[in-house]
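The residues making up each chain are set out below.
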Amino acid sequence: MVKMVVANIVQAVTMGLRQELARDKNVVVLGEDVGVNGGVFRATDGLQKEFGPERVIDTPLAELGIVGISIGMAVNGLRPVAEIQFSGFMYAAFDQLLTHAGRIRMRSRGRYSCPLVVRAPYGGGIRALELHCESGEALFSHIPGLKMVIPSNPYDTKGLLASAIRDPDPVIFYEPMRIYRAIKQDIPEKEYFVPIGKANVAQEGDDLTLIVWGAMIKTCQDAIEKLNNKYSVELIDLRTINPYDAETIISSVKKTGRCVIVHEAIRTSGFAAELIAAINEKALLSLEAPVVRVTSPDVPFPLAKLENTFLPDVNRVIKGIEKVMGF
Amino acid sequence: MPKKVLKEFMVEYLQILDEEGNCDEALMPKLSNDEIKKIYEMLVLTRVFDQKAFNMQRQGRLGTYIQFKGQEACQVGSAFALQDNDFIFPMYRDSGLLITRKQPIAQVLQYWSGDERGLKSPQNVNNFPIAIPVSTQIPHAVGAGFAAKLRGTKQVVATYFGEGATSKGDFHEAMNFAGVFNVPVVFICENNQYAISMPRKKQTHTETIAQKAIAYGFEGIQVDGMDIFAVYKAMKEAVEKARNGNGPTLIECFTYRMGDHSTSDDASKYRSKEEVEQWAKKDPIDRLEKYMRKKNLIDDSYKESVLNKSKDIVERAVAEFEKLPPADPKDIFKYVFAEMTKQQKEEMEELFG
């Protein structure tokens, strides 16, 4: 019998990191407050005590530096897992990820590679300070050489994290902080993998394909529940933004003929646009209605008092579904 | 209450060989006559290469090329203190460094002709691909040094950058991490006085680049960057210190870019002929030659043979470069990920059928 442990997403991150630190001595965890403090969200809780300060490294407060030195570590034989405290602070390190991490294999013609994971809590809905709630996943989908992963539940979190750490190329790992502790699941204590690049059909259905990732999956599940079997919805959790699973999406849309894509990020050049282009290229003739996007508007993420105005909610998702179904 | 002095700092300057080839024997690093000759031969080879590459660019046989004339001692002198297994994280003006570090000359030319294959390090050395965006390679050196320390590989890591790079955050964050984690890294600033048109004095308000190390808690030294012995000695000591676990060093090589910033630049717009002539008198190769004449290590026939041999090596490399097969167009997909994505496979199919 497989031993199961009840865990939320944060605990699944810790379990995944512990498993990989124990397995491979070249795995190191580094970032601001990840050691003694165990991370501001406790994602690295207890790991420094267990593996020592040379494996779980408290760094100076400098995002560019954290990612920049992680790249050098990866080039010289380590498997760094860097934590950026909030995804809104990733942009200081954006240059390093874009100009180097994703290009090392190509520029060295395979002599060097960059097996690096950069983890960051992302997304809104936690009433945090400015720039603590960004959804910048589409930015990272536009950088060749980088993979971009977003789990939405504890099982996928541990399995995807193990895959990311063992991946030979750099992976950005965005953790939906709104549901960090909202979902609990029984997950296997022993190692298992959720493959990068494979979407999850979370619920099968025939009338409509609902594509979503991160914390919005919860909103979409609530919307489906509220619709109370009015439509048979196929819910797809994308899980990997880049390289995304076109096959699963296309075969679902071919089956249902209708599609709604929901994301927290703003609309223009959001990742839904890419998915709609893929549907247009490969499933246009199956469509019964134009694909609808339910997204945040093209404005900066507002402070806590208006964040619920900004973020898609159950009613907006239902409105999107009704628009497609009523076309 | 009177103010107290908490800490006082000083910045050292090292010169061993003056412009006339006079040497301070007390400071002279341990180098055999054969080693001095080897260094001289490498200096000449890199200069011959630099001139040839410049000419080839003018003839349309290379793309944009970045000259390093004047900075040979910084690159050759420091590389001589490194082992093959050590890492370098160079910048674009470091072709002389790469050649000293056994990067085949044909490959260096291949890179400047616009072909990534030229960046691939030979297996027995660790030459990281040169960085084009200024300063961005400096954190990588700190990470590679950190890895060397944690893995116990005994490697030392050297990173190279100009004085302009010290204005960027990458430099400061890397220096700070290096101090905090006491990593085996040598930071080599080739202070050639100009970042394209911007003179050193407008780049930073500090009198030296070397003193910036003080803020990060480790040693910085300024050396005469056209004095091969000073560069070598400072580097040798910094490398030994790093290898023994005693942390990083910043070496500011005070030098001059004799040529334009690049083959697309015209330096006469922002600096005078007189200034360039003054610096030419400090030339690293002339200076070493004067020293070698005093020590009877060089005569006219040796000098000529070194020059001819260098020209021969470079010409053979040019011929080899020009015979290299063109890159397979499909290579643009081959090295992005360890395994091509489905999207890439589709795009490749679309592009090549």
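Because the structure is a prediction, the values reported are computed rather than measured.

The rules behind each value
Residues numbered from 1 in each chain as written. Chains lettered and ligands numbered in written order. Predicted model: local features only at pLDDT ≥ 70, side-chain atom pairs only at ≥ 80, totals over all residues. Helix = DSSP H or I, 4+ residues; strand = E, 2+ residues; numbered from the N terminus. Rg over C-alpha atoms; globule rule 2.2 N^0.38 Å. Buried ≥ 20, exposed ≤ 12 C-beta atoms within 10 Å, placed from the backbone. Contact = placed C-beta atoms within 7 Å. Nonpolar A, V, L, I, M, F, W, Y, C, P; charged D, E, K, R; others polar. Pairing = 2+ DSSP bridges. Axes fitted to C-alpha atoms, helices over the stretch in contact; angles between N-to-C directions. Expected span 1.5 Å × (residues − 1). Parallel < 35°, antiparallel > 145°, perpendicular 65-115°, else oblique. Left-handed = near helix turned anticlockwise from the far one by under 90°.

Along the backbone of chain A there are twelve helices and 14 strands. At 19 Å, chain A has a C-alpha radius of gyration in line with the 20 Å of a compact globule built from 327 residues. Considering only C-alpha atoms, chain A reaches an extent of 60 × 45 × 45 Å along its principal axes. Residue burial in chain A is summarised as follows: out of 327 residues, 57% are buried.

Let's shift gears to the interface of chain B and chain A. Listed as interface residues are 35 residues of chain B and, on the opposing side, 35 residues of chain A. Of all elements in the fold, only α5 (138-151), α6 (169-181) and α13 (342-352) of chain B reach the threshold of two or more residues within the side of chain B that touches chain A. Element by element, the count of residues in the side of chain B that touches chain A is highest for α5 of chain B, at eleven residues. Residue composition of the side of chain B that touches chain A, by class: 20 nonpolar, eight polar and seven charged.

Below, the discussion takes up the sheet that holds strand β2 (residues 27-31) of chain A. All names here are of chain A. On the basis of which strands lie adjacent, the open sheet formed by seven strands has the order β3-β2-β4-β5-β7-β6-β12 and mixed pairing. Across the chains shown, the open sheet's two edge strands, defined by having one partner strand only, are β3 (56-58) and β12 (240-242). With strand direction ignored, the average angle separating the axes of adjacent strands in the sheet is 20°. Here strand β5 (residues 117-122) pairs with strand β7 (residues 171-176) via six bridges, running parallel. Looking across to β7, one finds that Pro-121 is bridged to Glu-175. The sheet contacts of helix α7 (residues 154-166) involve β2, β4 (79-83), β5, β6 (147-149) and β7, and relative to β7 the element is tilted by about 165°.

Quick look at helix α8 (residues 228-243) of chain B now. Residues and elements named next belong to chain B. Over its 16 residues, α8 runs 22 Å from end to end, which matches the ideal 22 Å to within 8%, given 1.5 Å per residue. Every buried residue of α8 is accounted for by Ile-228, Phe-229, Ala-230, Val-231, Tyr-232, Lys-233, Ala-234, Met-235, Ala-238, Val-239 and Ala-242. Looking one or two places after α8, you find Gly-245, whose phi comes out positive at around 85°.

Looking now at unusual backbone geometry. Residue and element names in this part refer to chain A. Note the cis peptide between Asn-242 and Pro-243, where omega equals 0°. Relative to the helices and strands, Pro-243 resides in the loop between β12 and α9 (246-256). For Asp-33, which is not glycine, the phi dihedral falls at a positive 65°. Along the chain, Asp-33 turns up in the loop between β2 and α2 (47-51). A residue is classified by how many C-beta atoms lie within 10 Å of it, and Asp-33, with 16 of them, is partly exposed.

Residues and elements named next belong to chain B. Where helix α2 (residues 72-79) meets α8, the axes come as close as 8 Å, and the angle between the chain directions of the two elements is 40°. Judged on the interaxial angle alone, α8 and α2 are oblique. As for the relative orientation of α2 and α8, their crossing is right-handed in sense. Here Ala-73, Cys-74, Val-76, Gly-77 and Ser-78 of α2 come into contact with α8, specifically with Ile-228, Val-231, Tyr-232 and Met-235. Counted by class, the contact of α2 with α8 contains seven nonpolar, two polar and no charged residues.

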